[in-house]
Amino acid sequence: MSTDYHDLDPQETAEWQEAIDVVVERLGAERARHLLQKTIEKAFEAGIEPPDMQTPYVNTIPVGQQPVYPGNLELERHILRALRWNATAMVVRANRKPASPGGHIASFQSSAIMYEVGYNHFWKGHDHPNGSDMLFIQGHTAPGTYARAFLEGRIGEDQLENFRIEAGGKGISSYPHPYLMPNFWQFSTVSMGLGPIMAIYQARFLKYLENRELTKKAENHAEGRKVWAFLGDGEMDEPQSQGAIALASREKLDNLVFVVNCNLQRLDGPVRGNSKIVQELEGNFRGAGWNVIKVLWGSGWDRLLADPQYGQLLRKLMMECIDGEYQNFKNKGGAYIRERFFGKYPELKSMVADMSDDQIYYDLIRGGHDQDKVYAAYHNAVHSVGRPTVILMHTVKGYGMGEAGEGMNISHQQKKLSSDQLLKLRDRFNIPVSEQQIESAEFYKPAADSPEMQYLHERRQALGGYLPNRPHNFETLAIPELSMFDALLKDTGERTLSTTMAMVRVMVAIARHKELGPRLVPIVPDEARTFGMEGMFRQVGIYSPEGQKYEPEDANDIMPYKETQKGQLLEEGINEDGAMSSWIAASTSYANNHKMMIPFYIFYSMFGFQRIGDLAWAAGDMLARGFLVGGTSGRTTLNGEGLQHQDGHSQLFAGFIPNCKSYDPTFAYEVAVIAHDGMKRMYQDGENVFYYITTLNENYTMPALPEGSEAGIIKGMYAFRTATGKAANRVQLLGCGSILREVIAAADLLQADWGVDADIWATPSLNELARDGAACARWNLLHPDQEARKPWVTQCLEGQQGPVIASTDYIRTFAEQIRAYVPGDFHVLGTDGFGRSDSREALRAHFEVDRHYVTVAALKALADQQKSSKAKGNITPQTVLDALAKYGIDPEKPNPLYA
């Protein structure tokens, strides 16, 4: 219905409203809800469009339904004063230093009460009988979190003094970064939009663990573990922020609470200056099936809204005003509010005639700054059953900052407050600091035996300890010997296999292990059958919180689609961000749930790091432990899919993440050795690393594990085959992934057609070789008086005869990383350019990485080396021309980079 609809019969409208009041009074809210739903259904049958999924612009919880606030408000306000001051002083002091590292004041000032009510009354710590809550703290409010930890004694004054000054090792990080503060932060949230989607899948993973009986469910729902995500209203524009809200309601994640700080401002200006972000978000979440709670107006508004004569008109005005106006109301003071807000209707202006401008400004606050209103919302949220909750908190950005940034477009960037501005902040909140302390922006901490400090500690002890906190009593798993993957270490004879299938067999072997099996978490976005995982449908089941209410069409097949409440496999649909968020939840479970899990997320490699690179970086920050598997990897192995599917660079993306160990194996035994190494390092030894392993959909016979090659596989390079001939000319050929087999074929061509011997080196991790080389170079730089260290690639190739040619199914940059550590001449082939559909053979010829190009590259390298020599049997430019002709290579073909 149009918002400007003219009511032709107000009396009839009043009668309908009165009827609802009677039903609520006599039969309860649920009965009234049922009647309204049936009425809407009947109207729809008559062709009437249902009403908008929005409610009036007032608080969702009526005053009469607010629970009594259980805390000591006076003591909590004393604590808040210290928090507001220290959070501000921390940023101000940091930016008086030459480094001027920045920081944020306004975001915490707008959300301080929202956090404090949670810390004092709701959020369970790690010592709580039911386990800890998970807090996704809004990144820009980090100073407030540090300020509280300072009062708690968990962070010292020297650390506050070094806010954002970390290179010396004494500082604290700009935002929530578990990698930098591994005993403190749990989740990385400041890349906006990632917190919401990760929170949803963390809540879902808690249900997954409960349904699989790996963790215990709380007897009292309100006391059970919850995931709380604090978000900004501007942040909700990120696709990930609302992209998975339907999953949260579909799976009834009543352990999830979103708290959206609706201060109406982005980083540069209004979020929705011409409309209302709260109403927009309410419609989106209510339509998705969430419990929506609006906390818009503080207690000072209650008497005005309840006014029998003009209360309804005030509600109408509240709905009429848009966010750009609301920003002005709080920025320009009480007199402005009187004239521009209440003054829109003379009747409303008369309502506040007995109030001073200061009373209008300071007493008529927004809901997010009122402890009673915030508590009521949180209480409702934790008791809500069957659906997730979103709380839309109306606040003011820079609340209390006055002319320094209250409700101003510059609020987000404000980090340097003058002494006069600090003085006004002190006076606004009655903070007990002297003018001398203001001048130097000294930190303030009440005495340890003061009532407020005792209260602060008592509340956290009652709730199970301090948050955020990342305790380190992690469990470990005993990993069996490599022989657990024995079937993959043997020669397959005539039987063919892909490395993707080898990885699936690794998962199957883990699933069959008595102790490790329950910890396995296979994850796939969709197309599990593409990766050969359909056998796991029956073996471990597909997780569904509701089980399987239907008989699948393939129920009589050997490998039917089997959903079960206790299923292990997470099939996320066509949703890489969601699948990656599930993987993050599983791979950080050792820290957040004290339950070590073994997640394998398998996906099209092109739709991995390229699509979810930001989440992968966050996973590194959160010290994830698990396996990412890039199936159908390489530019030429996925022959029929074309440009958008063919991956020639994911290994480079993986190499950008410091604690990601990445491999591109060719053979089943390499897959087994790498997976086993990862399991030992992550789950037995407790290393904070995760693995990216690219695999192929190409089937071929697999050789046996060469004796003694395990260490070389893990380091990234080992001798696959050494030429036994004594030819005058010799080359060193390097390869990995799908192109190693072309390299092997090229070695045969070099011997058969040109009498050149070739040693073959498998390089399953060029990234590890590059890191090792850089580490050696750094050590040598800093220890010039000691014997130089040699990179592994140097040790392997030193003393070997002939030029070195490296060939991969990735862009040249991938292999170029090791150039500095390769002794002698080094030449690289790669697949630079956009992919296309064709056969593997045609694609490898197109990108100039097949056996013929490897052979020509080796001959050209030999010809260049021998250019000035007249020795008999030399390779010459003519030899290279002959090879081009012999293999049908057109020297004038377009460069594949641009073709």
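Described in the following lines is the structure provided in the data block. All residue numbers refer to positions counted from 1 along the written sequence of the respective chain. Per-residue local features of the predicted model are confined to residues with pLDDT of at least 70, and side-chain atom pairs are confined, for both listing and counting, to 80 or more; whole-chain, interface and lining totals are unaffected and use all residues. Side-chain descriptors were evaluated using all non-hydrogen atoms of the structure, hydrogens and water having been removed beforehand.

**Remarks on a negative patch on the surface**
The criterion, for reference: Patches draw on residues past 30% relative accessible area with no salt bridge. Two like charges within 9 Å are joined, as are two nonpolar side chains (Val, Leu, Ile, Met, Phe, Trp, Tyr) within 5 Å. Computed by Shrake-Rupley with a 1.4 Å probe, the accessible areas treat only the displayed protein chains as cover when residues are assessed. A pairing counts as a salt bridge when a side-chain nitrogen of Lys or Arg comes within 4 Å of a carboxyl oxygen of Asp or Glu. Only four residue types enter the charge count: Lys and Arg as positive, Asp and Glu as negative, with His and the chain ends excluded. The location of each charge is read from NZ of Lys, CZ of Arg, CG of Asp or CD of Glu. Helix numbers and strand numbers start at the N terminus; a helix is a DSSP run of H or I with at least 4 residues, a strand a run of E with at least 2. The cut-offs for exposure are 20% and 50% of the maximum accessible area for each residue type, with area from a 1.4 Å probe on protein chains only; residues under the lower value are buried, those over the upper are exposed, and the others partly exposed.
A surface patch of negative charge is lined by Asp9, Glu12, Glu15, Glu18, Asp21 and Glu25. Following the sequence through the fold, Glu12 ends up in helix H1 (residues 10-27). Taking the relative accessible area as the measure of exposure, Glu12 reaches 40% and is therefore partly exposed.

**Thoughts on the layout of surface pockets**
It is the rolling of a water-molecule-sized probe over the atoms that shows where space remains empty. Quick note on the threshold: A pocket here means an open set of points on a 1 Å grid, computed over the protein atoms alone, that has protein on both sides within 12 Å along at least five of seven lines. A cavity is instead a set of points where a 1.4 Å probe fits but cannot get out; residues with an atom within 4 Å of a point line either one. Grid points are joined across faces, edges and corners, and a volume is the space filled by probe spheres set on the points. Polar here means any residue outside two lists: the nonpolar Ala, Val, Leu, Ile, Met, Phe, Trp, Tyr, Cys and Pro, and the charged Asp, Glu, Lys and Arg; Gly therefore counts as polar.
Here the second largest pocket defines a volume of roughly 720 Å³. Along the wall of the second largest pocket there are 34 residues; nearest its centre are Leu206, Glu210, Lys216, Lys217 and Ala218. Looking at the lining of the second largest pocket residue by residue, the classes come out as seven nonpolar, 15 polar and 12 charged.

**Some thoughts on the pairing of strand S3 (residues 256-262)**
On a regular strand, one side chain projects to one face of the sheet and the next to the other, so that they alternate. Here is the rule: Between any two strands, at least two bridges found by DSSP are needed for them to pair.
Most of S3 is tucked away, with seven of its seven residues classed as buried. Here S3 shows a buried face lined by Leu256, Phe258, Val260 and Cys262 and a second buried face lined by Val257, Val259 and Asn261. Note: strand S2 (residues 227-232) against S3, six bridges, orientation parallel. What sits directly across from Phe230, in S3, is Val259. Strand direction decides the pairing type here: S3 and strand S5 (residues 389-394), joined by six bridges, are parallel. Residue pairing for S5: Asn261 is matched across the bridge by Met393.

**Structural notes on the sheet that holds strand S10 (residues 570-571)**
We count it as follows: Residues are treated as being in contact if the distance between any of their heavy atoms lies within 4.5 Å. What counts as an axis is a line fitted to C-alpha atoms, over the stretch in contact for a helix, and the angles between N-to-C directions run from 0 to 180 degrees.
Sheet architecture is open: six strands sit in the order S10-S7-S11-S12-S14-S13, paired in parallel fashion. The sheet is open, and its two borders are formed by S10 and strand S13 (660-663), each paired with just one other strand. Pairing analysis gives two bridges linking strand S7 (residues 520-524) to S10, with the strands arranged parallel. When the sheet's bridge partners are listed, Val524 is paired in S10 with Glu571. Lying over the sheet, helix H25 (residues 609-621) contacts strand S12 (627-631), S13 and strand S14 (690-694), oriented at roughly 160 degrees with respect to S14.

**So, unusual backbone geometry**
For the peptide bond that leads from Leu467 to Pro468, omega is -10 degrees, which places it in the cis range. Topologically, Pro468 is positioned in the loop between helix H20 (451-462) and strand S6 (496-497). Here the phi dihedral of Glu213 falls at roughly 60 degrees; this positive angle occurs in a residue that is not glycine. Note that Glu213 resides in the loop between helix H7 (194-211) and S2. Classification of Glu213 by relative accessible area gives exposed; the value is 58%.

**Some remarks on the sheet that holds S2**
The strand order across the open sheet formed by five strands is S1-S2-S3-S5-S4, and the pairing between neighbours is parallel. Two strands bound the open sheet, and with one partner strand each, they are strand S1 (134-136) and strand S4 (291-295). Direction aside, neighbouring strands of the sheet carry axes that sit 15 degrees apart on average. Lying over the sheet, helix H10 (residues 277-287) contacts S3, S4 and S5, oriented at roughly 165 degrees with respect to S4.

**A look at the packing of aromatic side chains**
In plain terms, the rule: Aromatic pairing here means that ring centres of Phe, Tyr or Trp (its six-membered ring) are within 6.5 Å. Orientation follows from the plane angle: under 30 degrees is stacked, over 60 is edge-to-face, and everything else is tilted.
Scanning the model with the defined rule gives 52 aromatic pairs in all. Relative to Phe341, the ring of Phe329 has its centre 5.4 Å away and its plane inclined at 70 degrees; by these criteria the two rings are edge-to-face. Here Phe329 is found in helix H13 (residues 323-332), whereas its partner Phe341 is found in the loop between helix H14 (334-340) and helix H15 (346-351), with 12 residues between them in sequence. A residue is classified by how much of its surface remains accessible, and Phe329, at 5% relative accessible area, is buried. Phe341 gets classed as buried once you look at its relative accessible area, which sits at 2%. The interplanar angle of 20 degrees and the centroid separation of 5.7 Å between the aromatic rings of Phe667 and Tyr669 together place this pair among those described as stacked.

**Overview of the packing of helix H3 (residues 73-94) against H20**
Between two packed helices, the angle of one axis relative to the other and the distance separating the axes together describe the packing. Quick reminder of the rule: Orientation is classified from the angle alone, with under 35 degrees giving roughly parallel, over 145 giving roughly antiparallel, 65 to 115 giving roughly perpendicular, and any other angle giving oblique.
Relative to each other, H3 and H20 sit at 95 degrees, their axes nearing to 9 Å. It follows that H3 is roughly perpendicular to H20 by the angle criterion. Along its contact with H3, which presents Leu75, Glu76, His78 and Ile79, the element H20 presents Pro451, Glu452, Tyr455 and Leu456. When grouped by side-chain class, the residues that make up the contact of H3 with H20 number five nonpolar, one polar and two charged.

**Some remarks on the pattern of salt bridges**
Under the definition given, this model contains 48 salt bridges. Here Asp237 ties to Arg272 by a salt bridge, and the two come within 2.7 Å at their closest N and O atoms. Within this pair, whereas Asp237 is found in the loop between S2 and helix H8 (239-242), its partner Arg272 is found in the loop between S3 and H10, the two being separated by 35 residues in sequence. Judged by its relative accessible area of 37%, Asp237 falls in the partly exposed class. In this structure Arg272 comes out as buried when scored by relative accessible area, which is 15%. Where Asp554 meets Arg529, a salt bridge forms, and the shortest distance between an N and an O atom there is 3.4 Å. Of this pair, Asp554 sits in the loop between strand S8 (542-543) and strand S9 (563-564) while Arg529 sits in the loop between S7 and helix H22 (535-540); the two residues are 25 residues apart in sequence, bridging distant segments of the chain. A relative accessible area of 43% places Arg529 in the partly exposed class.

**Side note on helix H12 (residues 311-320)**
Note the threshold: In this description, one arc is meant: the one made by directions from the helix axis to the C-beta atoms.
All buried positions along H12 are accounted for by Gly311, Leu313, Leu314, Leu317 and Met318. Along H12, the residues classed as buried sweep out an arc of 155 degrees about the axis, all on the same side. Buried residues along H12 sit against helix H11 (302-305), H13 and H15.

**Some remarks on the side chain of Thr395**
On the secondary structure map, Thr395 appears in the loop between S5 and helix H18 (419-429). Not counting residues up to four positions away in its chain, the partners in contact with Thr395 are Ser110, Met114, Asn261, Cys262, Asn263, Arg366, Gly368 and His369.

**Structural notes on the environment of Asp21**
Mapped onto the elements of the fold, Asp21 is located in helix H1. Given the relative accessible area of 52%, Asp21 is considered exposed. Taking the C-alpha atoms as reference, Asp21 lies 21 Å from Asn291; in sequence the two are 270 residues apart.

**Observations concerning the nonpolar core**
Test applied: Residue types Ala, Val, Leu, Ile, Met, Phe, Trp, Tyr and Cys, when buried and joined through side-chain atoms within 4.5 Å, form a set referred to as a nonpolar core.
Core analysis: the largest hydrophobic core is formed by 94 residues, its most contacted members being Phe485, Ile510, Phe600 and Leu733. The element best represented in this core is helix H27 (residues 668-684), accounting for 10 residues. Ile510 has contacts with Met484, Phe485, Leu516, Gly517, Leu520, Ile598, Phe600 and Met679, leaving out every residue within four places of it along the chain. Core analysis: the next-biggest nonpolar cluster, separate from the first, contains 92 residues, Val278, Leu615, Ala654 and Cys660 among them.

**Things to note about the state of the cysteines**
Using the following cut-off: The disulfide criterion used throughout: a pair of cysteine sulfur atoms within 2.5 Å.
Taken as a whole and judged by the stated rule, the model has zero disulfides. Looking at the unpaired Cys736, the closest cysteine sulfur is the one in Cys796, lying at 14 Å. For Cys736, a relative accessible area of 2% translates into the label buried. This cysteine, Cys776, is not joined by any disulfide, and Cys796 carries the nearest cysteine sulfur, 12 Å off. A relative accessible area of 8% means that Cys776 is categorised as buried.

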